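Residue-level structure breakdown
Take a look at the letters that make up each chain.
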Amino acid sequence: MDSDSLFFSLELVAGSGNTVSLEQKAALQTSLVILKKNYKFQRVLFWGKILGLKEDYFIAQGRGQDELRDRKYLYSFNCMDWFLLPAATDSMASEVSKAARGRFIGDPSFVYERVEVNRKSEDGAAEDGVVNKVKEETRLSVTVHQIDQEVSVVPRGSFIRNHLGLVIVNRSFTGLSESESRKLDSFFHFREPKNPKQRFVLQNGELNPAVDFLDVLSDDVPKGSWSLQFEFARRVLVLRSLLWLGLTFYHLPRTPQHGYVYFGDGTKNLDLPFML
Amino acid sequence: MDASNETQDRRQQRMQLAASFKAFLLKNSTESNLNLYDHLTQLLMKVMAEHPHNAVDVIEDMSRDVKRGLFQDMQSTLRDLPQTTAAELLAEQQCLLFSRPEDRDQEEELVETPLPNVSEIGFNLEQAGVSLGREEMQRIFLALKQLVESQALPRCRLWGKILGTESSYIVAEAECREGEEDGEQSTDEAPEDEDREAETQESEMDPLPESTYKPPPVVPKETTGTGANKFVYYVCNEPGLPWVKLPSVIPEQIIVARQIRKFFTGRLDTPIVSYPPFPGNEANYLRAQIARISASTQVSPQGFYQAGEEEGDEEDEVPRDSYEVNPDFEGIPVTEMVESLSFWVHHVQHILQQGRCTWMNLTVKPGEESNEEGEADEKEEEPDEPEPEVGPPLLTPLSQDAEMFNSPPWSSKLSSTLTSQHAVAVLRSNLWPGAYAYTCGKKFENIYVGWGVKYAGEGYIPPVPPLPQKEYPSGADITETLDPTLEEEQVLQEALEEQQAAQEEMEEAEEEEEDDD
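Residues numbered from 1 in each chain as written. Chains lettered and ligands numbered in written order. Predicted model: local features only at pLDDT ≥ 70, side-chain atom pairs only at ≥ 80, totals over all residues. Heavy atoms only, no water.

1. Let's talk about the overall build of chain B
Assigned secondary structure in chain B consists of twelve helices and twelve strands. Residue burial in chain B is summarised as follows: out of 517 residues, 34% are buried. In chain B, of all internal contacts separated by at least 6 residues, the share reaching a separation of at least 24 is 62%. Counting only carbon and sulfur atoms, one obtains 51% of the accessible surface of chain B, whose full area is about 34,700 Å². (Helix = DSSP H or I, 4+ residues; strand = E, 2+ residues; numbered from the N terminus. Buried < 20%, exposed > 50% of the residue type's maximum accessible area, 1.4 Å probe, protein only. Contact = heavy atoms within 4.5 Å. Areas by Shrake-Rupley, 256 points an atom, 1.4 Å probe, with all protein chains shown as cover.)

Structural data, given as structure tokens:
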């Protein structure tokens, strides 16, 4: 969520149970402004909090010119000192998926080790043990990147792609109406579009290429992996992801207020098909 | 006379000119459908009403304003149909929360009420990083007050919030009134009718094979006020909506709830489709999960509660199920609470493998309980005489909680590192994500805000269905054997012939002996 709206938007996502304590909120408001100046970001967002066994990570995201592609992540323990996370690459992702298991510990230099055993002969004599190691910092970077890729949400019309191909904030976005916000169709994934479904020609007449260039949320598999509710005396629309438990998106209908935040332990809910 | 005629004619002419000019003025413009006559009328009315300073200088602007103002007068004949939004419906119901009954005296309210101080709890929880939103907590507070008044509960507490896919539940824990019992007991009368029918049929025909299947004995549920049913739980979807009482929990439901993993939908009558089949609908599943969460994660600082009056000998390991508030409790300093887990104790009884808090021996007639000394924490298979299951006794410190999935079961921290003198010690459960406990001085509180599922480690593996049962006992008279081959039959025949021949010889020999005699 935007650091400018941190004052009130944390209240709106508090329905999921987690929030940031007053002291931390005050520290965030100060440090995010300094961060924006130092790194020369266009906008700084408070991305969320990943809970570890010993310590919790606060994650912030800085956005550059192109909102979709210029994204940098930073983490901190005390909301004041921020460290840059390395950008996640595919090789890092495969390392993490082999080695890291269990919860986050809270120490960025902690090394996860896992021995991959290949049984070559039948009697098990020649067992080749490949030791996969990965640091927690790498795991953090990959996890944050994955969450953004899979479950970051924006309402339709809030970002537009201009003639240069840059994705920018739509200044004339006045918010979704009540009836529009009840449908999952009006929300997009905020990531490079993968276009899982082809849109029919009849539907294409209504779509606006400047606005509808992202993937729609209702195309997610399995159906039902999003929980759409009206909270806060039924005034605020809240979308919760069931795939990454802890991601909450809020939108106040008929106003341009929207944002998402993640409070959780950074593990994907692979049991989702059993649980629906 | 001519002069008057002339003036009359001239007057008439003038009138005619005036009328035609007026008609000209009234002619509607082809472009804007306005006419000059109306426009000038309105302009002059405006000047009359406003009396502007230097009217002649601003008359052109006023004329333009009049023209512009005309466009707003057009109204469509369609009127907006007011649609009541969901927010409006809820707001009407939530109005009741804020209404104050007039017959309540001021003095009565100052007396100690069973209502907890939710505002204070909300503030402390916010320090800990758990919150439902300040206004929402206030609404929940008022809804709890409504609950206490309507049900006349002796004691009530906010237990927490369970999130669901369509809607969430706010859960309140209460002590039930004395003398109140659940009138719901399902008696199985239907199978008895079926047995009777089967018997009459059997007497007419050949006896059909009877099934030797005996269902395992049902573990009886604990009465309201003891064990897992110690408290009664009320839920509602939003504060302001009526509270619904959840049914008591049956041990079978707890056993199945341990094996399944489901999200809540937010409607209490949703059926739970799962394997193993859950006996009940979402209300029962909710109650079972609440019981499990309470048993695992409700903790208090050591010394806040002390054991109740001890009944019987100390050698008899009767599980303690009562505790009292310790009047001499002085708070433990917050830093110590954070450092070691031994300062926190469970104050809710552990639920045994059987699904109850006190073990019930099923092989004996119900009513007898064998309280032999069993091993702690180890459950064994039931031999001829079942070993009683014993869980950790009440008020055991958390340092004895088992580690699961290579991670400690609790994480603790101070709420603030900068002002640690006034900080709150926060304990977070790693087994049930969403369960928090905090303590500050002499006060403590537990709360759960989450999805109602336990941390499952690597992944959930649903239980495999059991092997198919044998249709019939396999014995010698049923098992097929191969028919003897030709060689075998010949061998057998030769053997028989030899035997017969030998026997005939023996008989001949005996006859000869008799003849000899």
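Moving on from the model shown.
2. Remarks on the pairing of strand β11 (residues 226–231) of chain A
Residue and element names in this part refer to chain A. Among the six residues that make up β11, five are buried, leaving the element largely enclosed by the rest of the structure. Alignment of β11 against strand β12 (residues 236–241), held across six bridges, turns out to be antiparallel. Among the inter-strand pairings, W226 is bridged to a residue of β12, identified as S241. The turn joining β11 and β12, which pair antiparallel and follow one another in sequence, is formed by four residues; a positive phi near 60 degrees is taken by F232. (Pairing = 2+ DSSP bridges.)

3. Topic: unusual backbone geometry
One can expect most non-glycine residues to show negative phi and most peptide bonds to be in trans. Residue and element names in this part refer to chain B. The omega angle of the peptide bond from Y275 to P276 is 0 degrees, so this bond is cis rather than trans. Among the secondary structure elements, P276 is positioned in the loop between α9 (251–257) and α10 (282–297). A positive phi is found at H51, a non-glycine position, where the angle reads about 50 degrees. Of note, H51 is situated in the loop between α2 (36–50) and α3 (55–70). Using a relative accessible area of 66% as the deciding quantity, one classes H51 as exposed. A positive phi angle, close to 55 degrees, is found at N54, a residue other than glycine. Mapped onto the elements of the fold, N54 is located in the loop between α2 and α3. A relative accessible area of 45% means that N54 is categorised as partly exposed.

4. With respect to the packing of aromatic side chains
Think of a pair of aromatic rings as described by two things: how far the centres are apart, and how the planes are tilted against each other in angle. Evaluated as defined, the whole model comprises 19 aromatic pairs over all chains. Between F159(A) and F190(A), the aromatic rings sit 4.6 Å apart at their centres with planes inclined by 35 degrees, giving tilted as the arrangement. Here F159(A) is found in strand β8 (residues 159–161), whereas its partner F190(A) is found in the loop between β10 (187–189) and α6 (201–204), with 31 residues between them in sequence. Residue class for F159(A) comes out buried when judged on its relative accessible area of 5%. Relative to Y448(B), the ring of W159(B) has its centre 5.6 Å away and its plane inclined at 45 degrees; by these criteria the two rings are tilted. Within this pair, whereas W159(B) is found in strand β1 (residues 155–162), its partner Y448(B) is found in strand β12 (residues 443–450), the two being separated by 289 residues in sequence. By relative accessible area, which is 0% here, W159(B) ends up buried. Taking relative accessible area as the criterion, Y448(B) reaches 1% and is therefore assigned buried. Taken together, the ring pairs connect Y57(A), Y75(A), F77(A), F83(A) and F104(A) into an aromatic cluster. Against the face of Y455(B) rests R103(A), its NZ or CZ located 3.6 Å from the ring centre. R139(A) extends its terminal NZ or CZ atom over the ring of F104(A), reaching a point 4.3 Å from the ring centre. (Phe/Tyr/Trp six-rings, centres within 6.5 Å; stacked < 30°, edge-to-face > 60°. Lys NZ or Arg CZ within 6 Å of the ring centre and 35° of its normal.)

5. Structural notes on helix α4 (residues 86–95) of chain B
All names here are of chain B. Taken together, the buried positions of α4 are occupied by A87, L90 and Q94. Along α4, the residues classed as buried sweep out an arc of 70 degrees about the axis, all on the same side. Packed against the buried residues of α4 are α7 (134–151). (Arc of directions from axis to C-beta.)

6. Here we look at the sheet that holds strand β11 (residues 435–440) of chain B
Residues and elements named next belong to chain B. In space, the eight strands of this open sheet follow the order β4-β3-β2-β1-β12-β11-β10-β9, with mixed pairing throughout. Here the strands that pair on one side only, and so sit at the sheet edges, are β4 (244–245) and β9 (410–414). Bridge analysis of β9 against strand β10 (residues 425–429) gives five bridges, and the strand direction is antiparallel. Within the sheet, the bridge partner assigned to S412 lies in β10 and is L427. Across the sheet, α7 is in contact with β1, β2 (169–175) and β3 (232–236); its angle to β1 comes to roughly 135 degrees. (Axes fitted to C-alpha atoms, helices over the stretch in contact; angles between N-to-C directions.)

7. Things to note about the state of the cysteines
Residue and element names in this part refer to chain B. As enumerated under the stated definition, the model contains zero disulfides over all chains in all. Take C156: it sits in no disulfide, and the sulfur closest to it among the cysteines is that of C236, at 11 Å. Here C156 falls in the buried class, since its relative accessible area comes to 6%. (Disulfide = S-S within 2.5 Å.)

8. Some details on the domain arrangement of chain A
Residue and element names in this part refer to chain A. One can read the domain layout of chain A as domain 1 (3–89 + 139–275) and domain 2 (90–138). A C-alpha centroid distance of 30 Å is found between domain 1 and domain 2. With 23 residues of domain 1 at the interface, the matching set in domain 2 holds 19 residues. Each partner contributes to the roughly 1,700 Å² buried at the junction of domain 1 and domain 2, and carbon and sulfur atoms together form 58% of this total. (Domains from an automatic or database assignment. Buried area = accessible area lost by both parts, 1.4 Å probe.)

9. With respect to a negative patch on the surface
On the surface, E504(B), E505(B), E507(B), E508(B), E510(B), E511(B), E512(B), E513(B) and E514(B) cluster together into a patch of negative charge. Position of E507(B) relative to the elements: it lies in helix α12 (residues 486–516). (Patch = residues over 30% accessible without salt bridge, like charges linked within 9 Å, V, L, I, M, F, W, Y side chains within 5 Å. Salt bridge = Lys/Arg side-chain N within 4 Å of Asp/Glu carboxyl O. Lys, Arg positive; Asp, Glu negative; His and termini not counted. Charge placed at Lys NZ, Arg CZ, Asp CG, Glu CD.)

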